[in-house]
Amino acid sequence: TSTSKEAKEYFSDMPRHRIKFKYGGRDDDEAVDMAFSKKKIEQRKDWLTKWMAEKKERRARGQEEDYLYNKDTTTVTFSEFVNKELVLFSNTDNERSIPCLIDGFKPGQRKVLFACFKRADKREVKVAQLAGAVGELSAYHHGEQSLMGTIVNLAQDFVGSNNLNLLLPIGQFGTRLQGGKDSASPRYIFTQLNPVTRTVFPLPDDAVLRFLFEENQRIEPEWYCPIIPMVLVNGAAGIGTGWSTNIPNYDPRKVVANIRRLIRDEEFRPMAPFYKGFRGEIVQLDATRYVCSGEIAVLNDDTVEITELPVKTWTQQYKESVLEPMMEGSDKKPSVVSDFKEYHTDTTVKFVVKVSGGAAGLRKLEQEGLHKVFKLQSIINTSSMVVFDAENCLRKFATTEEIC
């Protein structure tokens, strides 16, 4: 019924069972096209928004979920499948990819924190063993590998990762050299709760949280309730169905000060993105854009020194994608860089770069702008701050003040 390649692949992969699909005419064509077409993103947003609103109303009335299958179902139309079954998958996809406004967590991260609180370990534990404990205590249905990745991400503290890491990185949890991809195998590294975590998520609050139940087991709550908006402190990024989110990190001290101002009914002070340990500068361009600049300085007539890269530009990636291509010249375009040396540590950046053409070559680059030539600027957008609210409905926020 559909020309969509994605739809054909999706339905051809479905297992053959006793329930058969029945073609119901034009409505089916439109439903499948809306669900799978690359051009129908806005329609998918409306479809999911409408479903979330209906779910909220049913919940308020105390009604059960409206499921597609019961014991007598033998045939379903494509539109029924899309509007009652596929919508559940699409919503769950969003829940796994987009964090909650209240605690800033995706479900996997919340399960890790729940297991750590429940174990209340005062000593370090191997990441691989903690992943097993999380799976057992919180009914985690996916692979242990992704759970280990979640634990590692919660503990990372290099520039561009967490401003406030909730777990401690005891071992090699990755560095800014490769953006965390250089972390050691989970069976060799250890972690434990950061002492500050229980200050942000106070123990007495656990008594009033709404805990979920799965397979007759009490698991993590619907959301935790930190004393400051953690979704701003550590930021968030994710792509779901119809929506994506991208929230930069902000300074925890400024977030705390602003929350205190709101409690006292004082004026909120605007905040610029902030990354712990970042030595460059972040300057506002307009209402939703900030420019993030690294550091570069002239050492002598033909040498410059790069001592900071824009946030989330990793050292190895910068070397391979920017500096090395600049050394390759051609007949039409001569090389910009004749040589460079590296003096990094796992926390700092230092490239000493020799420019082609001596002093004249350097003057020419300075006229163009060293930051522009060496690609030492990036844009941080705050235009897609999308999160799930307390009612589990997706909401888009325009400013940090609305989130606070």
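Values in this document were obtained by computation on a predicted structure and should not be read as measured data.

Cut-offs used in this document
- Residues numbered from 1 in each chain as written.
- Predicted model: local features only at pLDDT ≥ 70, side-chain atom pairs only at ≥ 80, totals over all residues.
- Heavy atoms only, no water.
- Helix = DSSP H or I, 4+ residues; strand = E, 2+ residues; numbered from the N terminus.
- Buried < 20%, exposed > 50% of the residue type's maximum accessible area, 1.4 Å probe, protein only.
- Expected span 1.5 Å × (residues − 1).
- Contact = heavy atoms within 4.5 Å.
- Pairing = 2+ DSSP bridges.
- Axes fitted to C-alpha atoms, helices over the stretch in contact; angles between N-to-C directions.
- Phe/Tyr/Trp six-rings, centres within 6.5 Å; stacked < 30°, edge-to-face > 60°.
- Salt bridge = Lys/Arg side-chain N within 4 Å of Asp/Glu carboxyl O.
- Parallel < 35°, antiparallel > 145°, perpendicular 65-115°, else oblique.
- Nonpolar A, V, L, I, M, F, W, Y, C, P; charged D, E, K, R; others polar.
- Polar contact = N/O pair within 3.5 Å; in protein donor to acceptor, adjacent residues only side chain to side chain.

## Some details on the environment of Lys-5
Logical step 1: The residue Lys-5 is located in helix α1 (residues 5–12) in this model.
Logical step 2: Judged by its relative accessible area of 59%, Lys-5 falls in the exposed class.
Logical step 3: It is 46 Å that separates the C-alpha atoms of Lys-5 and Lys-118, two residues lying 113 residues apart in sequence.

## Thoughts on helix α7 (residues 144–155)
Logical step 1: For α7, which comprises 12 residues, the first-to-last C-alpha distance of 17 Å matches the rise-based estimate of 16 Å (1.5 Å per residue) to within 8%.
Logical step 2: Turning to α7, its buried residues number three or more, namely Leu-147, Met-148, Thr-150, Ile-151, Val-152, Leu-154 and Ala-155.
Logical step 3: In the core, the buried residues of α7 are packed alongside α5 (107–119), α6 (127–137) and β4 (190–191).

## Section: the sheet that holds strand β15 (residues 377–381)
Logical step 1: Strand order across the open sheet formed by three strands is β9-β10-β15, with antiparallel pairing between neighbours. This sheet does not close on itself; its edge strands, each paired only once, are β9 (281–286) and β15. Averaged over all adjacent pairs, the angle separating strand axes in this sheet is 30 degrees, with direction ignored.
Logical step 2: One ladder, built from five bridges, connects strand β10 (residues 289–293) with β15; its direction is antiparallel.

## Thoughts on the packing of aromatic side chains
Aromatic ring pairs are reported here in terms of the distance separating the ring centres and the angle at which the planes meet.
Logical step 1: Taken as a whole, this structure holds 10 aromatic pairs when the rule is applied.
Logical step 2: Ring centres of Phe-117 and Phe-201 lie 6.4 Å apart, and the angle between their planes is 55 degrees; this geometry places the pair in the tilted category. Here Phe-117, found in helix α5, pairs with Phe-201, found in the loop between α8 (197–200) and β5 (211–214); they are 84 residues apart in sequence, far enough to count as distant. In this pair, the class of Phe-117 matches that of Phe-201, namely buried.
Logical step 3: With centroids separated by 5.7 Å and ring planes inclined at 50 degrees, the aromatic side chains of Tyr-318 and Phe-351 adopt a geometry described as tilted. Here Tyr-318, found in helix α11 (residues 315–327), pairs with Phe-351, found in strand β14 (residues 351–355); they are 33 residues apart in sequence, far enough to count as distant.

## What about the sheet that holds strand β12 (residues 303–308)?
Logical step 1: Pairing within the open sheet is antiparallel, and its four strands lie in the order β11-β12-β14-β13. Both edges of this open sheet fall to β11 (295–300) and β13 (337–342), since each of them pairs with a single strand only. The mean inter-strand angle of the sheet, taken between neighbouring strand axes irrespective of direction, is 25 degrees.
Logical step 2: Pairing geometry for β11 and β12, over five bridges, is antiparallel. Looking across to β12, one finds that Asn-300 is bridged to Thr-303.
Logical step 3: Those strands touched by α11 are β12, β13 and β14, and its axis lies near 155 degrees from that of β13.
Logical step 4: Running over the sheet, helix α12 (residues 358–368) touches β11, β12 and β14 and is turned about 110 degrees from β14.

## Concerning the pattern of salt bridges
Logical step 1: Going through the model one piece at a time under the given rule, you end up with 17 salt bridges.
Logical step 2: Salt-bridge contacts for Lys-341 lead to Asp-339; the nearest nitrogen and oxygen are separated by 3.8 Å.

## What about the packing of helix α2 (residues 26–36) against helix α4 (residues 78–97)?
Logical step 1: Running from N to C, α2 and α4 point in directions that differ by 40 degrees, and their axes come no closer than 7 Å. As judged from the angle between their axes, α2 and α4 are oblique. Contacts between α2 and α4 involve Asp-27, Asp-28, Ala-31, Val-32, Met-34, Ala-35 and Phe-36 from the first element and Phe-78, Ser-79, Val-82 and Leu-86 from the second.
Logical step 2: Class assignment for the residues of the contact of α2 with α4 results in eight nonpolar, one polar and two charged.

## Re the environment of Thr-245
Logical step 1: By the secondary structure assignment, Thr-245 is in strand β8 (residues 244–247).
Logical step 2: Classification of Thr-245 by relative accessible area gives buried; the value is 4%.
Logical step 3: Separated by 81 residues in sequence, Thr-245 and Leu-164 place their C-alpha atoms 20 Å apart.
Logical step 4: With residues near it in sequence (within four places) discarded, Thr-245 still touches Ser-97, Ile-98, Pro-99, Ala-236, Ala-237, Gly-238, Ser-384, Met-385 and Val-386.
Logical step 5: There is a polar contact of 2.7 Å between the side chain of Thr-245 and the backbone oxygen of Val-386.

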